[in-house]
Amino acid sequence: GAGVSQSPSNKVTEKGKDVELRCDPISGHTALYWYRQSLGQGLEFLIYFQGNSAPDKSGLPSDRFSAERTGGSVSTLTIQRTQQEDSAVYLCASSPQGRYNYGYTFGSGTRLTVV
Amino acid sequence: AQSVSQHNHHVILSEAASLELGCNYSYGGTVNLFWYVQYPGQHLQLLLKYFSGDPLVKGIKGFEAEFIKSKFSFNLRKPSVQWSDTAEYFCAVNAGNTGGFKTIFGAGTRLFVKA
């Protein structure tokens, strides 16, 4: 597609429920990144994909968080048993290269609110 | 571990004033440096980037940044700001080709330009 597409744009969920966030990167971009932006905070790195594999999962906050990427394209970030501290904007970005960073193209994000 | 520090969380300027936003990073090796901007209601977009060569980098909309290796700094400048520059600005660093492929972001600086 023309840009990085994320869905849903907004999600309100009850504490304890599972949520799935979707990212559709720019066609042909091999690298895909998930970040989290909390109010007043910078962007917190969550996970990086190169193709379908995830060489760096170091930013996932707990084992409630997981992500996968299929076909070298769409990625889903799953949060199980959501907690209020999971409320944030979840951003997805893609780039044409993973090794030499040419800068990211970001999606508009998914605003997650856990009530 | 890499980190990025942005000195000012909020900056208020009048139109035509000069702008300098500070950014320092901690990493001793080769770095790639970026400034991203997020205009109100829009997604993050790349403003400018430095990989190598001339340490003074020109970006879009009249912005520039200077890489000073000895100071571990990459400050963003603009000689004369406009009301339309009101946005949040993020400095980011990627540790070249050895530090993993994730980019670390600063906490951001909110710039408000008074008309």
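All residue numbers refer to positions counted from 1 along the written sequence of the respective chain. Throughout, the order in which chains and ligands are written sets their labels, letters from A for the former and numbers from 1 for the latter. Confidence filtering applies because this is a predicted model: local features only for residues at pLDDT of at least 70, side-chain atom pairs given and counted only at 80 or more, and all residues used for totals across whole chains, interfaces and linings. For the side-chain quantities, the full set of heavy atoms in the structure was used; hydrogens and water were omitted.

Turning our attention to the interface of chain B and chain A. Each side of the interface is counted separately: chain B has 19 residues, and chain A has 21 residues. In short, buried area is how much 1.4 Å probe accessible area vanishes from two parts on joining, totalled over both. Across the chain B to chain A interface the summed buried area is about 1700 Å²; carbon plus sulfur atoms make up 55%. The term salt bridge refers to a pairing of a side-chain nitrogen on Lys or Arg with a carboxyl oxygen on Asp or Glu at a separation within 4 Å. Linking chain B with chain A are zero salt bridges, by the criterion used here. Elements that contribute at least two residues to the side of chain B that touches chain A include exactly strand 5 (32-38), strand 6 (45-50) and strand 10 (87-94) of chain B. Looking at the side of chain B that touches chain A element by element, the count peaks at four residues for strand 5 of chain B. Whether two residues are in contact is decided by their heavy atoms: any pair within 4.5 Å suffices. Going along the chain from the N terminus, every DSSP run of H or I of four or more residues is numbered as a helix, and every run of E of two or more is numbered as a strand.

All right, on to the nonpolar core then. Side-chain atoms within 4.5 Å are what join buried Ala, Val, Leu, Ile, Met, Phe, Trp, Tyr and Cys residues into a set we call a nonpolar core. Each residue is placed in one exposure class: buried if its accessible area under a 1.4 Å probe, protein chains only, is under 20% of its type's maximum, exposed if it is over 50%, and partly exposed if it falls in between. In this structure, L33, W35, L48, F74, L76 and Y89 of chain B are the most contacted members of the largest nonpolar core, which totals 29 residues. Among the elements that take part in this core, strand 10 of chain B stands out by supplying four residues, more than any other. Filtering out sequence-adjacent residues up to four positions away, F74 of chain B remains in contact with C23, L33, F34, W35, L48, Y50, V57, A65, E66, F67 and C91 of chain B. If you look at the next biggest cluster of nonpolar residues, it comprises 19 residues, including V19, L21, I47 and C92 of chain A.

Attention now goes to the sheet that holds strand 7 (residues 65-69) of chain A. Residue and element names in this part refer to chain A. Ordered in space as 1-3-8-7, the four strands form an open sheet in which the pairing is antiparallel. The open sheet is flanked by strand 1 (5-7) and strand 7, the only strands paired with a single partner. Ignoring strand direction, the axes of neighbouring strands in this sheet form an average angle of 15°. A pair of strands is considered paired only if DSSP assigns at least 2 bridges between the two. Where strand 1 and strand 3 (residues 19-24) come together, three bridges link them in antiparallel fashion. Bridge assignment links S7 to a residue of strand 3, and that residue is R22. Angular values range over 0 to 180 degrees, each being the angle between N-to-C directions of two axes fitted as lines to C-alpha atoms, with helices fitted over their stretch in contact.

With that settled, consider the pattern of salt bridges. A side chain with one charge can pair with a side chain of the opposite charge if their charged atoms come near. Residues and elements named next belong to chain B. Throughout the structure, instances matching the rule amount to seven salt bridges over all chains. A salt bridge links E66 to R77; the nearest nitrogen and oxygen atoms lie 3.1 Å apart. Placement of E66 in strand 8 (residues 64-68) and of R77 in strand 9 (residues 73-78) is noted, with a sequence separation of 11 residues between them. You can call R77 partly exposed: its relative accessible area is 23%. Between E88 and R110 there is a salt bridge, with the nearest N and O atoms lying 3.6 Å from each other. Note that E88 is positioned in strand 10 and R110 in strand 12 (residues 109-114), a separation of 22 residues in sequence. You can call E88 buried: its relative accessible area is 11%.

Residue and element names in this part refer to chain A. One ladder, built from two bridges, connects strand 5 (residues 43-50) with strand 6 (residues 53-56); its direction is antiparallel. Paired with Q50 across the two strands is S53, which belongs to strand 6. Counting the residues in the hairpin turn of strand 5 and strand 6 gives two residues, including G51, whose phi is positive at 65°.

Between rings of Phe, Tyr and Trp, where Trp is taken as its six-membered ring, a pair exists when centres lie within 6.5 Å; planes separated by under 30 degrees are stacked, by over 60 edge-to-face, and by other angles tilted. According to the stated counting rule, one finds 16 aromatic pairs over all chains in the structure shown. Each ring, one from Y35 of chain A and one from F105 of chain B, has its centre 5.2 Å from the other, and the planes form 85°; the classification is edge-to-face. In this pair, Y35 of chain A sits in strand 4 (residues 31-37) while F105 of chain B sits in strand 11 (residues 104-105), so the two residues belong to two different chains. Comparing Y35 of chain A with F105 of chain B, the two get one shared label, buried.

Our focus in this paragraph is the state of the cysteines. Residues and elements named next belong to chain A. Working definition: a disulfide is two cysteine sulfur atoms within 2.5 Å of each other. Going through the model one piece at a time under the given rule, you end up with two disulfides over all chains. Here C23 connects covalently by a disulfide to C92, the sulfurs 1.9 Å from one another. Measuring handedness by torsion sign, the sulfur bridge of C23 and C92 sits at about -65° and is left-handed. Within this pair, whereas C23 is found in strand 3, its partner C92 is found in strand 9 (residues 88-95), the two being separated by 69 residues in sequence. Overall, the relative accessible area of 0% leaves C92 in the buried class.

Residues and elements named next belong to chain A. Relative to the helices and strands, R64 is located in the loop between strand 6 and strand 7. When its relative accessible area of 13% is taken as the criterion, R64 is described as buried. Contacts of R64, omitting those with residues within four sequence positions, involve T78, I79, Q80, R81, T82, Q83 and D86. We call two N or O atoms a polar contact when they sit within 3.5 Å, provided that within protein one can donate a hydrogen and the other can accept it, with sequence-adjacent residues counted only if both atoms are side-chain atoms. A polar side-chain atom of R64 sits 3.2 Å from the main-chain carbonyl oxygen of R81.

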